[in-house]
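Breakdown of the fold
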Amino acid sequence: MKFEKEFSSQMVQEWQGAYMDYSYLKKHIKALLKSHQQSSNPGFTRQRQAMYRAFSGLTGRSSPKAREEEAVMIPQSAYQTLLMKLSAEGAEQELEFFKKLDLEFDKVRTFHEGKVQGIRENAEELSKQMDALIALRIRVKRPDQVLETAAASVVLSPVARSPEGVHMDVIQEVEDEEKTKDLEGLRPARLQVLEHVKINVDPDTPVSTLKNVIMSSKLELSFSKDELKRAEKKMRKAFIEFHQQLRLLKSYSFLNILAFSKIMKKYDKITSRNASKTYLQIVDTSSLGSSEEIYKLTEKLEASYIKHFANGNRREGMKVLRPGVKRERHRITFLLGLFSGCCIALIAAIIVSVYARNLLQHEGGRQYMTNIFPLYRYVFSNFFAVSTPKTELGAELINFGLHSLFGYIVLHMVMYGADTYLWRRLRVNYPFIFGSKPETSLGFREVLVVASGLSVLTLAAILAHLDLEMDPETEKFRLITELLPLFLVTVVLVITLCPFNIIYRSSRFFLIRSTFHCICAPLYKVTFIDFFMADQMTSQIQAIRSLQYYICYYVWGDFRKRSNECTNSSTYKFLYIAVAVIPFWLRLLQCLRRVFEEKSAMQGLNGLKYFSTVVALVMRSLYDITVQNGNASSFWRIMAAATSGITTIYNTYWDIVVDWGLLQKKAKNRWLRDKLLISNKAVYVVAIVANILLRLVWMQLVLDFNLPFLHRNAMTAVIACLEILRRGIWNFFRLEHEHFNNVENYRAFKSIPMPFYYEKDHHIM
């Protein structure tokens, strides 16, 4: 692999603007090479030239006097490279190259120094938090053994404690009591620190949210075990996140030093100079190359975490601090191929079974399609609907064949799998954006394996349920056969909620937790994954309504006779509307929570968007019910059309301009945005047009532009599938925009709230 590709693949994507612009400097090298090749002086490349390198703010290690054998001299006044000898050919290119090289070095060095300063501040804050944690631990667990416990506590160096201290040697581990006695200037953490701290109450749970509203965000210590447990949990997260910061900073320093080395060696090769040696000495002696403090702090941080949060077990502690790289497993690819093949075979078996047994003309076909098929409503049944549109049974297939609880879920998972493939290929750090662990987040293969596995289960259940013969004695169908749909739903729920470490437990629990946060809005703090998940729910209204049908059919219907009348009740019709409103209402509550916390007017406008959608959905559902009852009026049609039109325009504008960040008139890519992941701009134009058209599709139900070969219910299912396709497109560009927001703000790690709040700048001296 060429270094340029390796350099791009290993860089921290959120910091990509702060790395050395290797490709741009490489273009200058190529221009310089071309100039030398065109030179009429064949001995030019063998000339020895000298250049001066001047620095400010760094201590030079080499002698300032020039020697004839040196290609570089290093004064210490300014960051500017001067060439002492210039040839007739290529002089301008060389000057431009070193000018750009100096700018890149200054950019990288400045960014690195800023991050190091932030590391120092975080280390000092983490040390203060550990003082309070150790004191709280002593007070709660061993109130009468202060001296014994203090001998194994975390203490800070005197240099770090002093206001003028600049060293990062802030966390020192004392292994035993004898070592503590030998160390001078170190004193154990004292209980007096608890007199100056309070507990931070972050409104990220329902209880803490209510405490924040009713009381205060800062509470007095209660010295309870639960309080200690919560504080230790927060500190554990803070240590892990801080360790991640150190790892990223070390990687940033190493890659940039390597890039400067590579580009200078290319320059030496072209010009036959010996400039790289002295130039790289300057890089090594700068703050970018002096990483001893970072390495030392990393070692002490690891030792502290292992001792205080891993019970001294280094292996377990390092597993948490340095998680292994996720490996691609061949069995995933094998299972994906196996399940995909099984799906094709099952579809073929269903088709053969239907035609071989002449089920399309069977007298029990209408009853089957009216009451049983909605339990599956699988998307593949569209084959039957298209192939037999004129038969009575074909009409029922059209009515219900496209409605699919599992079909909608599978389609959504396939779209998400395609998104994850593109995100990974284009280096979008989607685990970081979602807040999941990189080592356990699902890739596109894993997502497609789950989707194809669910397809196999559903198709197998449909094939086993193709039974239209009733028992002549009891006039009922077999119980086992009729319970197959319910059994399938139960299996899916059991697998989803399974507490054992099988079938991607970490991802399943992450999904459950995010969904629960959405349902409990606005009691939980709204993070990106929470409102992202709520947006996914707004595109799964028909799937949620399918769950409503399951309850109706198995609770109030006579499923042994495949009869169901509860869908005609007023309660069912009311819930039919309410179920569709709930996802948008939850999203509205999330926006209100963010308005309250962030004081953001944009979130207020976003909430207004979802409120308009709720109104339009209610009006459209009422109009749909009147049409089904045969008493449709122009009033409900006008109201549905007006509200749907307003919310469609509102949502479309918000999707493109706010969520995707496109249609910027003054952007570098006109009418798009400054940065694009996909170089082909036509892709964005197609996405904008597709989003507009798919947003306008639902107006078809209100305006009654029905296709002659599709029933109204079939059209509803088609629109539901198109909405899922639109959501898949929206997901990709929404995360692309969020990724560039992180890049613009150099946001490569999350800030972790600390458990303790110091009333004043208190230090233990």
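Everything below is about the structure printed above this text.
Numbering of residues begins from 1 in every chain and follows the order in which that chain's sequence is written. With pLDDT at 70 or above as the cut-off, local features in this predicted model cover only qualifying residues; side-chain atom pairs require 80 or more to be listed or tallied, and sums for whole chains, interfaces and linings still use all residues. Note that water and hydrogens are dropped before the side-chain values are worked out from all heavy atoms of the structure.

1. What to know about the overall build of the protein chain
The condition is simple: Helix and strand definitions follow DSSP, with helices as H or I runs of at least four residues and strands as E runs of at least two, each counted in order from the N terminus. Each residue gets one of three labels from its accessible area relative to the maximum for its type: buried under 20%, exposed over 50%, partly exposed in between, using a 1.4 Å probe on protein chains only. Residue contacts are counted whenever heavy atoms from the two residues lie within 4.5 Å of one another. In this description, accessible areas are obtained by the Shrake-Rupley approach with a 1.4 Å probe, and a residue is regarded as covered only by the protein chains that are shown.
For the protein chain, the count of helices and strands is 29 helices and eight strands. Residues counted as buried form 49% of the 765 residues belonging to the protein chain. Of the contacts formed within the protein chain by residues at least 6 apart in sequence, a portion of 75% connects residues at least 24 apart. Just so you have it, the protein chain exposes about 38,700 Å², and 60% of that area is on carbon and sulfur atoms.

2. With respect to the sheet that holds strand S6 (residues 197-200)
Stated precisely, the cut-off is as follows: Paired strands, as defined in this entry, are two strands with at least two bridges between them according to DSSP.
Read across the open sheet, the three strands follow the order S7-S6-S8; overall the sheet is antiparallel. Each end of this open sheet is capped by a strand with a single partner; those strands are strand S7 (218-219) and strand S8 (756-758). Two elements, S6 and S8, share three bridges in a ladder whose sense is antiparallel. Bridge pairing in S8 places Ile 199 opposite Phe 756.

3. Some details on the packing of aromatic side chains
We describe a pair of aromatic rings using the distance from one ring centre to the other and the angle between the two ring planes. To be explicit about the condition: Stacked, tilted and edge-to-face are the three classes applied to pairs of Phe, Tyr and Trp rings, where Trp contributes its six-membered ring and a pair requires centres within 6.5 Å; stacked means planes under 30 degrees apart, edge-to-face means over 60, and tilted covers the rest.
Taken as a whole and assessed by the stated rule, the structure comprises 35 aromatic pairs. Note on Phe 528 and Phe 531: the rings are 5.0 Å apart at their centroids and 65 degrees apart in plane angle, and the pair reads as edge-to-face. With a gap of three residues between them, Phe 528 and Phe 531 both fall in helix H22 (residues 528-538), about one helical turn apart. An identical accessibility class is assigned to Phe 528 and Phe 531; each is buried. Centroid distance Phe 732 to Phe 733: 5.0 Å. Interplanar angle 85 degrees. Geometry classified as edge-to-face.

4. Digging into a nonpolar patch on the surface
Worth spelling out the cut-off: Each patch is built from salt-bridge-free residues with over 30% relative accessible area, joining like charges within 9 Å and nonpolar side chains (Val, Leu, Ile, Met, Phe, Trp, Tyr) within 5 Å. In the sections that follow, a salt bridge refers to a side-chain nitrogen of Lys or Arg positioned within 4 Å of a carboxyl oxygen of Asp or Glu.
A cluster of nonpolar side chains, namely Leu 210, Val 213, Ile 214, Leu 523 and Phe 596, defines an oily patch on the protein surface of about 530 Å² accessible area. Of all the elements, helix H7 (residues 206-214) adds the most residues to the nonpolar patch, at three residues. By the secondary structure assignment, Leu 210 is in helix H7. For Leu 210, a relative accessible area of 46% corresponds to the partly exposed category.

5. Topic: helix H9 (residues 275-285)
Taking burial as the measure, the eleven residues of H9 include eight buried ones, the bulk of the element. Among all positions in H9, only Ala 275, Ser 276, Thr 278, Tyr 279, Leu 280, Ile 282, Val 283 and Thr 285 are buried.

6. With respect to the nonpolar core
So the rule is basically this: In this text, buried Ala, Val, Leu, Ile, Met, Phe, Trp, Tyr and Cys residues form a nonpolar core when linked through side-chain atoms within 4.5 Å.
The biggest cluster of nonpolar side chains holds 35 residues, and the ones touching the most others in it are Leu 133, Phe 239, Phe 242 and Phe 756. Elements with a contribution of two residues or more to this core: helix H3 (91-141), S6, helix H8 (225-271), helix H10 (292-309), helix H11 (314-321) and S8. Looking at this core, the element that brings in the most residues is H3, giving twelve residues. Grouped together as the second largest cluster of nonpolar side chains are 34 residues, Tyr 19, Tyr 22, Phe 97 and Phe 111 included.

7. Looking at unusual backbone geometry
Cis rather than trans, the peptide bond between Ala 521 and Pro 522 has omega equal to 10 degrees. Take Pro 522: it is sitting in the loop between helix H21 (505-519) and H22. Within the chain, Arg 427 stands out as a residue other than glycine whose phi angle is a positive 60 degrees. In this structure Arg 427 comes out as partly exposed when scored by relative accessible area, which is 35%.

8. As for the side chain of Asn 200
Let me state the cut-off plainly: N or O atoms within 3.5 Å of each other form a polar contact, as long as, within protein, one can give a hydrogen and the other can take it, and as long as residues adjacent in sequence are counted only when both atoms are side-chain atoms.
Inspection of the secondary structure puts Asn 200 in strand S6. Within polar-contact distance, the side chain of Asn 200 engages the backbone oxygen of Phe 756 at 3.1 Å.

9. Concerning a positive patch on the surface
Let me state the cut-off plainly: In summary, the charge assignment counts Lys and Arg as positive and Asp and Glu as negative, without counting His or the chain termini. For this purpose, a charge sits on NZ of Lys, CZ of Arg, CG of Asp or CD of Glu.
Taken together, the side chains of Lys 2, Lys 5, Lys 27, Lys 30, Lys 262, Lys 265, Lys 266 and Lys 269 make up a positively charged region of the molecular surface. For the positive patch, the elements supplying multiple residues, two or more each, are helix H2 (22-37) and H8. Ranked by the residues each element gives to the positive patch, the list is headed by H8, at four residues. Along the polypeptide, Lys 2 turns up in the segment before helix H1 (3-10). With a relative accessible area of 60%, Lys 2 lands in the exposed category.

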